[in-house]
Amino acid sequence: MNRAAVSLSNARPRAVLRPLAQRLIAIIDIGSNSVRLVVYRGVVRVPPTVFNEKVMCGLAKGLADTGRMDEGTMEQAIDTLRRFAMLCADMQVDQLSVVATAAVRLARNGAEFVARVKRETGLDITVISGEQEGYYSALGVLSAMPEADGIVGDLGGGSLELIRISNGKVGDRVSLPIGVLTLRNQTDLPTPQAIRAQVLEALKNVPWLAEARGLPFYTVGGSWRALAHLDIHLNNCPLRIIHSYRMKPEALGRLGKALSSLDRKELKRIKSLTERRLPNLPVAVAVLETLAGHLDIPLIINSAYGLREGLLFDSLPQSVKREDPLLAACRMEAQQEGRFPEHGDALMLWMDPLFSDGESPEDRRLRQACCLLADVAWRGHPDFRAERALESSLFGNWVGIDFRGRAMIGTALYACYGASIGERYGPIVQPLASAEDLNRARAWGLALRLGQRLTAGTAKPLEGCQLIRRKGQLVLALTEEYASLYGEVVDRRLASLAKHLDMASCFEVIHDS
């Protein structure tokens, strides 16, 4: 596969590029259903998004009947691309990539469209193959979920890509010319039975799928994301975030019924269920139901990352790719928002004797994320720092984390700022993690609260301080050099942590031998 053909190109002369951490990288994704511009900041593991706009152009409309893109949809797409080109110029993006997928790839007038875009907007489009599209979509999923093991399905307007992922690598993949628009715009009425037959017929020619039966299925694409939003609405899920949201295959039947029975005004109030998206959703349900039955899928996991994030991830140095996406993002947040960014790592080492015994690898990384984020709310009003810390961790744009992890980090940071989950946040947090998990997270937060008050957020004093478990006592031991840091407020916070752990508190001075 020629991956170099879709590498990010320079939009500014190399001599005036911004430093790596500040570089603006733009990707224009010309899909079969929508045209989207996303601008990211920084050549980093998880770059923040500084701009994101999507226009539903529907380039695949009529493609199944005529083999050509409709003139009206092409006109709308070119108008959109003209706007996007001007925005990129005004933002002075450092690197720009423009990629087109199934509609432009399959249409007989695809080359004409590419040439016209170049002539009227100045944008150079790279039309990627179905194999490339699948590769980058799967790579995007892995960039956000490094431990993912299963099948990625990317359903667009003009095609469906299926890709095997495991051990952090992209494996077998196939691109099938069945998308929500091509299926919906058939001459015959696209009944669920007809869609099922077409999907099953296409799957006959994909032998490697037989070995992937019974594995989780990771969904990519706007139509499947909209279904997840609908499921969240029907379940009254307390955390309305798509990434890592999980559904059982049995939920699909209820989604299909809801699409046909719920009032259209109510449906349009649900995120992503726009007027132009709604007609595609029964098709998306039918495709996913067929795949779930054929592949014996036990769990459907939604991914907010796909093609664009895969392109970005592929361009990163290997050393950056190996970074944990959650911890890398937390470290960046700490550097930008914290008073003493180095304090997070020092707190982690200081807390280890108290929590590391029997701690799972996943809980350890969550605790490290808490340590890195412990100081990010200090700019907030003193009366609302706890809320700011909780909301940023619970609702933040994080990846590499599930709902349980969000709840635990949020609970820990809320405790770090002196609050406990109560009536306001209990209904959101408590369904996401077990009582044992939240109790453990609160202990992390109380330890962070103690460590921050003891040292005022600096790292050096923690080198002369130890937390020790000893026969029902929680001992805070300070060297003679730092013994004067112990005071009334520190004593109260030590006692609070000890009480939560069902221990007595004790202070000791470590004398030089």
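Attention here is on the structure that accompanies the text. (Residues numbered from 1 in each chain as written. Predicted model: local features only at pLDDT ≥ 70, side-chain atom pairs only at ≥ 80, totals over all residues. Heavy atoms only, no water.)

## Quick look at the overall build of the protein
For step 1, the next point in the chain: If you tally the helices and strands in the protein, you get 21 helices and 15 strands.
For step 2, the next point in the chain: In summary, the protein has a C-alpha radius of gyration of 26 Å against a globular reference of 24 Å for 513 residues, a match within 12%.
For step 3, the next point in the chain: Residue burial in the protein is summarised as follows: out of 513 residues, 56% are buried.
For step 4, the next point in the chain: Considering only residue pairs separated by 6 or more positions, the protein has 71% of its internal contacts joining residues 24 or more positions apart.
For step 5, the next point in the chain: Accessible surface computed for the protein: about 22400 Å², of which carbon and sulfur atoms make up 49%. (Helix = DSSP H or I, 4+ residues; strand = E, 2+ residues; numbered from the N terminus. Rg over C-alpha atoms; globule rule 2.2 N^0.38 Å. Buried < 20%, exposed > 50% of the residue type's maximum accessible area, 1.4 Å probe, protein only. Contact = heavy atoms within 4.5 Å. Areas by Shrake-Rupley, 256 points an atom, 1.4 Å probe, with all protein chains shown as cover.)

## Quick look at the pairing of strand 14 (residues 473–479)
For step 1, the next point in the chain: Within strand 14, 5 of the 7 residues are buried, which leaves it mostly tucked inside the rest of the structure.
For step 2, the next point in the chain: Sheet analysis places strand 13 (residues 465–470) next to strand 14, joined by 6 bridges and oriented antiparallel. Paired with Arg-470 across the two strands is Gln-473, which belongs to strand 14.
For step 3, the next point in the chain: In sequence, strand 13 turns back onto strand 14 through a hairpin of 2 residues, with Lys-471 there showing a positive phi of about 50°.
For step 4, the next point in the chain: Pairing between strand 14 and strand 15 (residues 504–510): 7 bridges, direction parallel. (Pairing = 2+ DSSP bridges.)

## Some remarks on the pattern of salt bridges
Side-chain pairs of opposite charge can arise where the charged atoms are in close proximity.
For step 1, the next point in the chain: Using the criterion set out here, one finds 34 salt bridges in the structure.
For step 2, the next point in the chain: Here Glu-133 and Arg-105 are joined by a salt bridge, their closest N and O atoms 3.1 Å apart. Within this pair, whereas Glu-133 is found in helix 5 (residues 130–144), its partner Arg-105 is found in helix 3 (residues 102–106), the two being separated by 28 residues in sequence.
For step 3, the next point in the chain: Take Glu-133: its relative accessible area is 6%, and that puts it in the buried class. (Salt bridge = Lys/Arg side-chain N within 4 Å of Asp/Glu carboxyl O.)

## A closer look at the packing of aromatic side chains
For step 1, the next point in the chain: Using the criterion set out here, one finds 5 aromatic pairs in the structure.
For step 2, the next point in the chain: Summarising the aromatic geometry, the rings of Tyr-245 and Phe-403 are spaced 6.2 Å apart at their centres and angled 40° between planes, so their arrangement reads as tilted. With a gap of 158 residues between them, Tyr-245 in the loop between helix 8 (222–235) and strand 11 (246–247) and Phe-403 in helix 18 (residues 403–416) connect regions that are remote in the sequence.
For step 3, the next point in the chain: When the centroid spacing of 5.5 Å and the interplanar angle of 70° are considered together, the rings of Tyr-414 and Tyr-425 count as edge-to-face. One end of the pair, Tyr-414, is in helix 18; the other, Tyr-425, is in the loop between helix 18 and helix 19 (426–429), and 11 residues separate them in sequence. Of the two residues, Tyr-414 and Tyr-425, both sit in the buried class. (Phe/Tyr/Trp six-rings, centres within 6.5 Å; stacked < 30°, edge-to-face > 60°.)

## Comments concerning the state of the cysteines
For step 1, the next point in the chain: Inspection of the entire model under this criterion finds 0 disulfides.
For step 2, the next point in the chain: Summary of cysteine pairing: Cys-88 is not part of a disulfide, and the nearest cysteine sulfur, belonging to Cys-57, is at 15 Å. (Disulfide = S-S within 2.5 Å.)

## Details of the sheet that holds strand 9 (residues 169–176)
For step 1, the next point in the chain: Sheet architecture is open: 6 strands sit in the order 9-8-7-10-12-11, paired in mixed fashion. Unpaired on one side and paired on the other, strand 9 and strand 11 mark the two borders of the sheet.
For step 2, the next point in the chain: As paired elements, strand 7 (residues 150–155) and strand 10 (residues 217–220) share 4 bridges and run parallel to each other. Within strand 10, the position partnered with Ile-151 by the bridge is Phe-217.

## Thoughts on the environment of Ala-64
For step 1, the next point in the chain: With respect to the helices and strands, Ala-64 occurs in helix 1 (residues 63–66).
For step 2, the next point in the chain: For the pair Ala-64 and Thr-121, spaced 57 residues apart in sequence, the C-alpha to C-alpha distance is 28 Å.

## Quick notes on the side chain of Arg-308
For step 1, the next point in the chain: When you line up the elements, Arg-308 lands in helix 12 (residues 307–314).
For step 2, the next point in the chain: For Arg-308, a relative accessible area of 14% translates into the label buried.
For step 3, the next point in the chain: Once you skip the residues sitting within four places of it in the chain, Arg-308 turns out to touch Ile-27, Asp-29, Arg-36, Val-38 and Tyr-40.

## Side note on the nonpolar core
Across soluble globular proteins, nonpolar side chains show a tendency to be buried alongside one another.
For step 1, the next point in the chain: In this structure, Ile-28, Ile-30, Phe-113, Leu-162, Trp-224 and Leu-291 are the most contacted members of the largest nonpolar core, which totals 181 residues.
For step 2, the next point in the chain: The biggest single contributor to this core is helix 11 (residues 281–295), with 10 residues. (Core = buried A, V, L, I, M, F, W, Y, C linked by side-chain atoms within 4.5 Å.)

## Things to note about unusual backbone geometry
The bulk of non-glycine residues show a negative phi, and the bulk of peptide bonds are trans.
For step 1, the next point in the chain: Within the chain, Ser-244 stands out as a residue other than glycine whose phi angle is a positive 75°.
For step 2, the next point in the chain: For Ser-244, the position within the fold is in the loop between helix 8 and strand 11.
For step 3, the next point in the chain: The class for Ser-244 is buried, based on a relative accessible area of 11%.
For step 4, the next point in the chain: The residue Lys-471 is not glycine, and still its phi comes out positive at about 50°.
For step 5, the next point in the chain: As for its placement among the helices and strands, Lys-471 is situated in the loop between strand 13 and strand 14.
For step 6, the next point in the chain: Among the residues examined, Lys-471 registers a relative accessible area of 85% and is labelled exposed.

## Section: the packing of helix 7 (residues 192–203) against helix 11
For step 1, the next point in the chain: With their axes 9 Å apart at the nearest point, helix 7 and helix 11 run at an angle of 50° to one another. Viewed along their axes, helix 7 and helix 11 adopt a mutual orientation that is oblique. Here helix 7 runs over helix 11; the crossing is right-handed. Side by side, helix 7 and helix 11 meet where Pro-192, Ile-195, Arg-196, Val-199, Leu-200 and Leu-203 of the first sit next to Val-283, Ala-286, Val-287, Thr-290, Leu-291 and His-294 of the second.
For step 2, the next point in the chain: Looking at the contact of helix 7 with helix 11 residue by residue, the classes come out as 9 nonpolar, 2 polar and 1 charged. (Axes fitted to C-alpha atoms, helices over the stretch in contact; angles between N-to-C directions. Parallel < 35°, antiparallel > 145°, perpendicular 65-115°, else oblique. Left-handed = near helix turned anticlockwise from the far one by under 90°. Nonpolar A, V, L, I, M, F, W, Y, C, P; charged D, E, K, R; others polar.)

## Focus on the sheet that holds strand 15
Strand pairing in a sheet relies on backbone hydrogen bonds. The paired strands run either parallel or antiparallel.
For step 1, the next point in the chain: Strands sit in the order 13-14-15 across an open sheet of 3 strands; the sheet is mixed. Among the strands making up the open sheet, the edge pair consists of strand 13 and strand 15. Sheet twist, expressed as the average angle between the axes of neighbouring strands with direction ignored, equals 25°.

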